Structure formats: structure tokens, C-alpha cells
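Each chain, written out:
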Amino acid sequence: MQIYLARNNQQAGPYTLEQLNQMLASQQVLLTDLAWHEGMTEWKALGELTQGKLVYTPTGYVPPAHTPIQNPAISQMKVESKAPQQELASINIRALAKIIDLLLWLPAAAIPSFFLNADQVNELSSIQQKMQTADSSTQAMQLQHQLFTLIPVEAWQTMFAYIIIMLAIQAFFLAKSGQSIGKKLTRIKIVDAENGEKVNLTRIFLLRSIVFIILNMLFMPFITIADYLFALGKNRQTLHDKLAKTTVIKQ
């Protein structure tokens, strides 16, 4: 069995199981280090594989009769390997995924039209045009109040229900696979920036999504511009990635 290790985005190996257990015992490798060997579909923390113990005993493994024991140090070795690597998603693909996710919110804006007759639709359109050319904030607020009162309560309730359902669907997919609907379609996903593992719902949904939706509503377009300027860095982490300590990789 050949086992590859990784720490701080640096790979080392391959090691035999006996070498790995020797390094675990001497604490040359840590339970937080990542490991991969044939038969695994993704990198996992050693502590997850060993269940917190300082020895790894994979199911069904039969050790060879004679295995030379060496004393390698992970900090001294860096080799190329065939172990799977996490490739960062490009800015273009991430932008496409974001556009797809934003398009999913458009039906909410169209819902009121299903509850208005032709005259009310025309009046709504007229109010919107006046809001765009309003001379003062007071006039804009008055027009906004007219718009809100024109839309029936049933329309607001339907819009609210649609928004809640969409948030629940996105939260479900993010918690399950680290992917929003847009990211699923573009085959990218969100992972922990440190160890490449799945991220919990608080970080992946509340910090990355809800907080930044609110910030964008308050400070559009400055937050959006600043957010993606950060993605031009080496690790391609946007501002909301840095807040949640995540990154986005190709699936």
C-alpha cells in the first residue's frame, strides 16, 4: 500500500503503512495532515482515518512478511505523485456559477405580475419609471410606497414563500456537497481553505451567502467589486471566501 500525505498544500510520499504508523508514533506527521491511497475517493484527515488513534489499520490490509523500516520526515520530502490534487476553480467559472444562481431569483420579481390586471401592470410600470427619474429621496419614497400598496398581499406572500424555498434548497445542497445549484451545473465546489474538507453550514451558508447578500444590498456595487478583486490573488479567494476561510475548487 502506497500512502501519500499533504500539509499546507505540499504533498509527500509515497509511504508504506508501516512508515506512516512509525511517523504517527513519533509525531512526525499529525492527525490533521491529509492522506490518500488507492481505494479512496478523496483526501481525508489522518485523524478521520485512524479515528483519533496514532495508528492506521485499514480494513482488509495484509502487511508484507518483511518490510524495510525507514525514518522519513514529511517536512524533508516533496515528490510528484499520482494522488488527486485539488485544482482551484477559475474566476470565469465562478462568475458563471454566480450568474446562474442569480437567475434563479428572477421568478420572485415576476410573481406580482400574476396577481395584477392589465391596468395595474401599466400603473406599476409607470411608477417604476417615475422612481428612476425622481428628483428627491422624498419623492422616491412616496413612489415606493405607492408601488408597495399596489401589489396585493397574496403576491407578497408568494414572493416570500419562493425566497424561503430557494434559500432552503441552496442551503441543503451547500451543506450536502458544498455546491449551490450554479456550482453543481459548473462542476465546482466549496471546501475548507486549510484542509480541503467539507465546510459546515454556518460557514458555507450563513457567512458566505446570507451575510454577503445583506452587504451587497447595503453597499452595492462596492462590496461586489471588492469581493472579486480579492479573487485575483494567488489562492483565488474572494472576500467572502476569506471571511468563511473557504476556497472553491473544480469537482
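Residues numbered from 1 in each chain as written. Predicted model: local features only at pLDDT ≥ 70, side-chain atom pairs only at ≥ 80, totals over all residues. Heavy atoms only, no water.

A.B. asks: Help me understand the packing of helix α5 (residues 118-132) against helix α6 (residues 137-150), please; the structure alone is not making it clear to me.
C.D. replies: How two helices sit against one another is set out by the angle between their axes and by the gap between those axes. Where α5 meets α6, the axes come as close as 9 Å, and the angle between the chain directions of the two elements is 160°. What the angle tells us is that α5 and α6 run roughly antiparallel. As α5 packs across α6, the resulting crossing turns out to be left-handed. Residues Gln-120, Glu-123, Leu-124, Ile-127, Gln-128, Lys-130 and Met-131 of α5 form the contact with α6, whose participating residues are Leu-143, Gln-144, Gln-146, Leu-147 and Leu-150. Along the lines of polarity and charge, the residues of the contact of α5 with α6 split into six nonpolar, four polar and two charged. (Axes fitted to C-alpha atoms, helices over the stretch in contact; angles between N-to-C directions. Helix = DSSP H or I, 4+ residues; strand = E, 2+ residues; numbered from the N terminus. Parallel < 35°, antiparallel > 145°, perpendicular 65-115°, else oblique. Left-handed = near helix turned anticlockwise from the far one by under 90°. Contact = heavy atoms within 4.5 Å. Nonpolar A, V, L, I, M, F, W, Y, C, P; charged D, E, K, R; others polar.)

A.B. asks: Quick question: what am I supposed to make of the nonpolar core here?
C.D. replies: In globular proteins that are soluble, nonpolar side chains generally tend to be buried together. Among the nonpolar cores identified, the biggest contains 12 residues, and these are Ile-3, Leu-5, Ala-12, Tyr-15, Leu-17, Leu-20, Met-23, Leu-24, Val-29, Ala-35, Leu-46 and Tyr-56. At the level of elements, β1 (3-7), β2 (10-15) and α1 (17-25) are the ones that each hand at least two residues to this core. Dropping the residues within four chain positions of it, Ile-3 is found in contact with Gly-13, Pro-14, Tyr-15, Thr-16, Leu-17, Leu-20, Ala-35, Trp-36, His-37 and Tyr-56. In terms of nonpolar packing, the next biggest core, distinct from the first, is built from 10 residues, Ala-89, Ile-188, Ile-190 and Ile-204 among them. (Core = buried A, V, L, I, M, F, W, Y, C linked by side-chain atoms within 4.5 Å. Buried < 20%, exposed > 50% of the residue type's maximum accessible area, 1.4 Å probe, protein only.)

A.B. asks: Sorry, what's going on with the environment of Ala-45 here?
C.D. replies: If you trace the backbone, Ala-45 turns up in strand β4 (residues 44-45). For Ala-45, a relative accessible area of 19% puts it in the buried group. Spatially, the C-alpha atom of Ala-45 lies 4.3 Å from that of Leu-34, the residues being 11 residues apart in sequence. Ignoring anything within four residues of it in the chain, the contact list for Ala-45 reads Leu-31, Thr-32, Asp-33, Leu-34 and Glu-197.

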